[in-house]
Amino acid sequence: LWRTLPSTVLDARLFCQHLEKLNGYHFNILDDVYTLFKKLPAALEAFRETRKTSKMINAGIIGGSDMDFFKVYTRAAIAFVEDNWEVMANTNNPSLFNIIFEQYLFTCMASQRGIPIAQSVTHPVSATFLELTHFHRVPQTVHYAHLIGGHKKNALFLEQIILRLRLEFPRY
């Protein structure tokens, strides 16, 4: 982040990087959660059948002023992980489930409470997230970049981050 977030975001009760549209990838993970996990937070149970939300937050940036919400949310997320740790640990890719307790649960709980979620990224973001990986344009024309998803294994992006860190923090 190379620029302060706008006050419309910073003053919001809740904010995130952006809202992403749920797709087959997300629904497959949700199907596994609803099938395999033994105990679910009430907010996930409420959305089990209807899947009322068609979007969820991307938690690349997350925040807000509603500390009561964050206290309840973090307790629910931690309990969700603790209650289902064994199931997650015995799957082929346990890291897939982080989008459920980090992002989907947050969205469901905010929706249940009628709390709007402001977005710090207002331009369209595709399912590949390439729009967020323009490290070579920082800070001249891009003020926020996020090494997201499978891009964490992209050698070019990793090299760009190394160069940026060396430029901005040469002492380290």
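Here, the structure is the one placed above.
The rules behind the values
- Residues numbered from 1 in each chain as written.
- Predicted model: local features only at pLDDT ≥ 70, side-chain atom pairs only at ≥ 80, totals over all residues.
- Heavy atoms only, no water.
- Patch = residues over 30% accessible without salt bridge, like charges linked within 9 Å, V, L, I, M, F, W, Y side chains within 5 Å.
- Areas by Shrake-Rupley, 256 points an atom, 1.4 Å probe, with all protein chains shown as cover.
- Salt bridge = Lys/Arg side-chain N within 4 Å of Asp/Glu carboxyl O.
- Helix = DSSP H or I, 4+ residues; strand = E, 2+ residues; numbered from the N terminus.
- Expected span 1.5 Å × (residues − 1).
- Bend = angle between axes of the 7 residues up to and from the residue.
- Buried < 20%, exposed > 50% of the residue type's maximum accessible area, 1.4 Å probe, protein only.
- Contact = heavy atoms within 4.5 Å.
- Pairing = 2+ DSSP bridges.
- Axes fitted to C-alpha atoms, helices over the stretch in contact; angles between N-to-C directions.
- Parallel < 35°, antiparallel > 145°, perpendicular 65-115°, else oblique.
- Left-handed = near helix turned anticlockwise from the far one by under 90°.
- Nonpolar A, V, L, I, M, F, W, Y, C, P; charged D, E, K, R; others polar.
- Polar contact = N/O pair within 3.5 Å; in protein donor to acceptor, adjacent residues only side chain to side chain.
- Core = buried A, V, L, I, M, F, W, Y, C linked by side-chain atoms within 4.5 Å.

(A) Highlighting a nonpolar patch on the surface. Nonpolar side chains collect at one region of the surface, where Leu 165, Phe 169 and Tyr 172 lie side by side and expose about 400 Å² of accessible area between them. Counting through the fold element by element, Tyr 172 comes out in the segment after helix H6 (155–168).

(B) Structural view of helix H5 (residues 98–113). Here H5 spans 22 Å end to end across 16 residues, near enough to the 22 Å set by a 1.5 Å rise per residue. Maximal helix bending in H5 amounts to about 35°, located at Tyr 104. Listed as buried for H5 are Ile 99, Ile 100, Phe 101, Gln 103, Tyr 104, Leu 105, Phe 106, Thr 107, Cys 108, Met 109 and Ala 110. Contact partners of the buried residues in H5: strand S1 (15–21), helix H2 (24–36), helix H3 (42–46), strand S2 (55–63) and helix H4 (67–89). Immediately beyond the C-terminal end of H5, within one or two residues, lies Gly 114, with a positive phi of roughly 70°.

(C) Looking closely at the sheet that holds S2. Read from one edge of the open sheet, three strands run S2-S1-S3, paired in mixed fashion. What marks the edges here is a single partner per strand, and that holds for S2 and strand S3 (118–119). One ladder, built from six bridges, connects S1 with S2; its direction is antiparallel. Bridging across to S2, Phe 15 finds its partner in Gly 63.

(D) Examining the packing of H4 against H5 more closely. For the pair H4 and H5, interaxial distance at closest approach is 10 Å and the crossing angle is 135°. Relative to H5, the element H4 is oriented oblique. Judged by the sense of rotation from one axis to the other, the crossing of H4 with H5 is right-handed. Contact residues: H4 offers Phe 69, Phe 70, Val 72, Tyr 73, Ala 76, Ala 77, Phe 80, Val 81 and Met 88, while H5 offers Ile 100, Phe 101, Glu 102, Leu 105, Phe 106, Met 109, Ala 110 and Arg 113. For the contact of H4 with H5, the residue count by class is 15 nonpolar, no polar and two charged.

(E) Expanded view of the side chain of His 143. The residue His 143 is located in the loop between S3 and H6 in this model. Polar contacts involving the side chain of His 143 include one to the side chain of Arg 3, which spans 2.5 Å. Among residues more than four places away in sequence, those in contact with His 143 are Leu 1, Trp 2 and Arg 3.

(F) Molecular detail of the nonpolar core. Counting 34 residues, the largest nonpolar core has Leu 44, Phe 69, Phe 80, Ile 100 and Tyr 104 as its most contacted members. Of all the secondary-structure elements, those providing two or more residues to this core are H2, H3, S2, H4 and H5. At nine residues, the largest contribution of residues to this core is made by H5. Apart from the residues lying within four places of it in its own chain, the contact partners of Ile 100 are Ile 29, Leu 30, Val 33, Leu 44, Phe 80 and Leu 105. Counting residues in hydrophobic clusters, the runner-up holds eleven residues, among them Ala 12, Val 121, Phe 129 and Ile 148.

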